[in-house]
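The residues making up each chain are set out below.
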Amino acid sequence: MTDIRLKLEAELESVTTLITSKSKEVISAKKKYDFSFTLTILAPTAFFLLQICFTWDSLVWNPADQSLWAGIKDTFSFSIGTFGVLAAITGMLGFNHRAKQLDLQQLRASKQVIMAELQFDLANKQFTTSQARENLKLFYEHESIFEKQLEHVSSKLEKLHGEPMNIILDSKHIYNSLFPDNSPDSGVIDHDPKWPESLGGWTKKKYGSFRGYVQQIKDYAKEYPLISNNTDDFEYEANALIDIYNTIAAIGFNKYLEDDAVKSLATQFKYIQDIVFTLDYFVALKVITIEEKTQALDAMYNLFGGLFWPEQLNIGDTI
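The present account deals with the structure reproduced in this document. (Residues numbered from 1 in each chain as written. Predicted model: local features only at pLDDT ≥ 70, side-chain atom pairs only at ≥ 80, totals over all residues. Heavy atoms only, no water.)

1. With respect to the overall build of the protein chain
Scanning the protein chain from N- to C-terminus turns up nine helices and zero strands. Helices and strands appear in the protein chain in the N-to-C order α-α-α-α-α-α-α-α-α. For the protein chain, long-range pairs separated by at least 24 residues make up 70% of all intrachain contacts whose partners lie at least 6 apart in sequence. Within the structure as shown, the protein chain displays about 19,800 Å² of accessible surface, and the carbon and sulfur contribution to it stands at 58%. (Helix = DSSP H or I, 4+ residues; strand = E, 2+ residues; numbered from the N terminus. Contact = heavy atoms within 4.5 Å. Areas by Shrake-Rupley, 256 points an atom, 1.4 Å probe, with all protein chains shown as cover.)

Structure follows, in structure tokens:
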């Protein structure tokens, strides 16, 4: 439960308590007003009638005599005075009752506002929950479609290369790498796979695109030391191959190679084959173009040379 909802519920409880208390005050004020109003009518009337009864014999009734009309105020001053006092008290009680009614109406209006805000919060929560469920559903559906696409591409590549592939695919890792903005919470933001911009190479730099990856291979070839010893020559190329291989492995294609993984020409041949397979995956998934794949293979050919490059792997091959 959110802090806003807790605050609103606390306010609602407080206002409800105030409404209950204020309602009692209004009822009490109404009773006082009704009693005072009744008393204002009955008391002066009763005094007036009593006065007439007790002074009937001495009263003179002559409507034509103006002095008698002027004397009414003095004759019935007690009744008239009682009415004036009670009327003033009744007016104050009525004003007090009306003020409490207005306070009660304001409290009820406040309660309606709070209830409306709670209803809005509930509706928003239901919408968020519904949206979250929809995002979750779309994410796993999209992930499932991508996994089936990977299986289809694997089958096509095996036919293309004429042999089973040695690549171990971590489909969920690959999906997260190629669709970095997609998640169970946010749903499907990226509909098409893309080269992971946050991927860093062996130089620990984030190059943001496949071109940066190719450029680092070219830099490796450019920095190739002039070594006359074949053992040292092979060691340099083996280290370069491990770096190139592990950068792609970070996306989810195969596991990382250890520092001493490339021990012979046979293992070097195998890992170069794996890289070519992986690049074909990228082309099939439209992460890179055929031209970009060719540039990468050309850069690796320049780095490793014909001695270590499998002759049956044509740079122009594509699916």
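2. Quick word on the packing of aromatic side chains
On inspection of all chains with the given rule, the structure shows 15 aromatic pairs. Measuring from centroid to centroid gives 5.4 Å for Trp-195 and Phe-282, while their planes differ by 75°, and the two rings are edge-to-face. Residue Trp-195 is found in the loop between helix H5 (171-178) and helix H6 (210-222), and its partner Phe-282 is found in helix H8 (residues 265-284); the two are separated by 87 residues along the sequence. You can call Phe-282 buried: its relative accessible area is 0%. Consider the rings of Phe-253 and Tyr-281, whose centres lie 5.4 Å apart with planes at 45°: the pair is tilted. Placement of the pair is Phe-253 in the loop between helix H7 (230-249) and H8 and Tyr-281 in helix H8, with a sequence separation of 28 residues. Members of the aromatic cluster, connected to one another through ring pairs, are Trp-195, Phe-210, Tyr-213, Phe-253, Tyr-281 and Phe-282. (Phe/Tyr/Trp six-rings, centres within 6.5 Å; stacked < 30°, edge-to-face > 60°. Buried < 20%, exposed > 50% of the residue type's maximum accessible area, 1.4 Å probe, protein only.)

3. Brief notes about the nonpolar core
Grouped together as the largest cluster of nonpolar side chains are 51 residues, with contacts concentrated most on Leu-279 and Phe-282. Those elements giving two or more residues to this core turn out to be helix H4 (77-161), H5, H6, H7, H8 and helix H9 (290-308). In this structure, Leu-8, Val-15, Ile-19 and Leu-107 belong to the second largest nonpolar core, which totals nine residues. (Core = buried A, V, L, I, M, F, W, Y, C linked by side-chain atoms within 4.5 Å.)

4. Some details on the pattern of salt bridges
Working definition: two side chains of opposite charge can pair if their charged atoms are close together. Under the counting rule described, the total for this entry stands at ten salt bridges. Where Lys-22 meets Asp-103, a salt bridge forms, and the shortest distance between an N and an O atom there is 3.9 Å. Placement of Lys-22 in helix H1 (residues 3-54) and of Asp-103 in helix H4 is noted, with a sequence separation of 81 residues between them. Accessibility expressed as a relative area gives 33% for Asp-103, which makes it partly exposed. Here Lys-30 makes a salt bridge to Asp-34, at a shortest N to O gap of 2.8 Å. Residue Lys-30 and its partner Asp-34 are located together in helix H1, separated by four residues, close to a single helical turn. Judged by relative accessible area, Lys-30 falls into the partly exposed class, the value being 35%. Here the salt bridges share partners, and the residues they tie into one network are Lys-22, Glu-25, Lys-100 and Asp-103. (Salt bridge = Lys/Arg side-chain N within 4 Å of Asp/Glu carboxyl O.)

5. Overview of the side chain of His-97
Here His-97 shows up in helix H4. When sequence neighbours within four positions are dropped, the list of residues in contact with His-97 reads Val-26, Ala-29 and Lys-30.

6. Overview of H8
Its 20 residues give H8 an end-to-end C-alpha distance of 29 Å, which sits within 8% of 28 Å, the value for a rise of 1.5 Å per residue. Burial analysis of H8 places 14 of its 20 residues in the buried class, the great majority of the element. Just past H8, the residue Lys-286 takes up positive phi, approximately 65°. (Expected span 1.5 Å × (residues − 1).)

7. Looking at the side chain of Thr-247
On the secondary structure map, Thr-247 appears in helix H7. On the accessibility criterion, Thr-247 (4% relative accessible area) is buried. From its side chain, Thr-247 meets the backbone oxygen of Asp-243 in a polar contact 2.9 Å long. (Polar contact = N/O pair within 3.5 Å; in protein donor to acceptor, adjacent residues only side chain to side chain.)

8. Comments concerning the environment of Leu-199
With respect to the helices, strands and loops of the structure, Leu-199 is situated in the loop between H5 and H6. Judged by its relative accessible area of 10%, Leu-199 falls in the buried class. When the C-alpha positions of Leu-199 and Ile-248 are compared, they lie 9.2 Å apart, and in sequence the two are 49 residues distant.

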